[in-house]
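What the coordinates show
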Amino acid sequence: MRYLIAFLKKYSVFLLFVLLEGIAVLWILSSHPYQRSVVASSAGQITGSVFNTVDGVSGYFGLVKENSKLMTENARLRSKLREFEKEFIIFDTLYSERVIDVSDSTQYSFLPAHVINNTVNKVNNFFMIDVGKNDGVTSEMGVVGANGVVGIIVSTSKNYSWVMSLLHGRCRISAKLKNNNMLGSVQWQGYDYSTGVMVDIPSHIKLKMGDTIVTSGFSHMFPQGSDIGTVYSFNTNSGDDMFTIKFKYSEDFKSLNSVYVVKNWSRKEQIELKETTKIYE
């Protein structure tokens, strides 16, 4: 109480001035309709501006939440699509003489994630995503974007994972040409973040510009048929009977944002069988 009395004594003149000003303003507004309408209009404009700003901020966070929901739904639909593909293929094989491998159609699911750190201009590039061990993520899981394959997980913590980008000098992915199933492997030669090369394709194979390169399915990281890129040139070196194919990546690594971790539910069985087989080598 003593401090309150001291404060009132110290600022008594100023407080009296504020009080009188307030009374004067109220008298003017009550006696003059024009001034009252101007003040009301200004107050409404300020209030509207504040609410608009608040709504914009709320809308932003709402969009972030909606984007997260959409990614989760996309992941669910990706898994459902592969189940649908299996049902369609089984139906097709019942009424034709074709025999088609459907082993990979239902063993994969997709976990949505966001890229929080990324490089594209180094010799060996990596990016970080915001899912980790707590989400069931482990090393050697594949990562895909909305348009194609983007990398392989190499290490994880509780909530984050470090991904070896396809733009890495030691990253090689088993791949095939979609139109003829010819197997090869893809890698990055550096310099340009938008292009890669495919090797180990015999020179007698007929190629054309625009051919699609997809995953072969010969690893436990990616389902077969995931897009990698599109052929834009090819040639053979002197004395070499193999093509060097240059292609454009399906995914834009420089604007990488939303991705999906590929979970292979048969991975453990595949690895255990592979390790067992080494005994007989």
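So, here is what we can say about the structure in this document. The structure displayed is predicted, hence computed values, not measured ones.

1. As for the packing of aromatic side chains
Both the distance between ring centres and the angle between the ring planes are used here to describe each pair of aromatic rings. If you walk through the whole model with that rule in mind, you get 4 aromatic pairs. When the ring of Phe126 is compared with that of Trp162, the centres are 5.9 Å apart and the planes differ by 15°; the resulting orientation is stacked. With Phe126 in strand β2 (residues 124-129) and Trp162 in strand β5 (residues 161-168), the pair connects residues that are 36 residues apart, well separated along the chain. A relative accessible area of 27% places Trp162 in the partly exposed class. Taken together, a centroid distance of 5.5 Å and an interplanar angle of 80° make the contact between Phe234 and Phe243 edge-to-face. A residue is classified by how much of its surface remains accessible, and Phe243, at 10% relative accessible area, is buried. The rings of Phe247, Tyr249 and Phe253 are connected pair by pair, giving a single aromatic cluster.

2. Regarding unusual backbone geometry
Phi angles above zero are rare outside glycine, and Tyr191 is one such case at about 70°. Tracing the sequence through the fold places Tyr191 in the loop between β7 (183-187) and β8 (195-202). Of note in the backbone geometry, Asp200 takes a positive phi value of approximately 70° without being a glycine. Position of Asp200 relative to the elements: it lies in strand β8.

Rules of the game
In this numbering scheme, every chain counts its residues from 1 along its sequence in written order. pLDDT decides what is reported in this predicted model: residues at 70 or higher carry local features, side-chain atom pairs at 80 or more are listed and counted, and totals for whole chains, interfaces and linings draw on all residues regardless. Where side-chain values are given, they derive from all heavy atoms of the structure, hydrogens and water being excluded. Any two rings among Phe, Tyr and Trp, with Trp reduced to its six-membered ring, count as a pair given centres within 6.5 Å; such a pair is stacked if its planes are under 30 degrees apart, edge-to-face if over 60, and tilted if neither. Secondary structure is summarised from DSSP: a helix means a run of H or I of at least four residues, a strand means a run of E of at least two, and numbering begins at the N terminus for each. Classification of residues uses two cut-offs on accessible area relative to the type maximum, computed with a 1.4 Å probe and protein chains only: under 20% is buried, over 50% is exposed, and between them is partly exposed.

These values are about where atoms sit, not about what they do.
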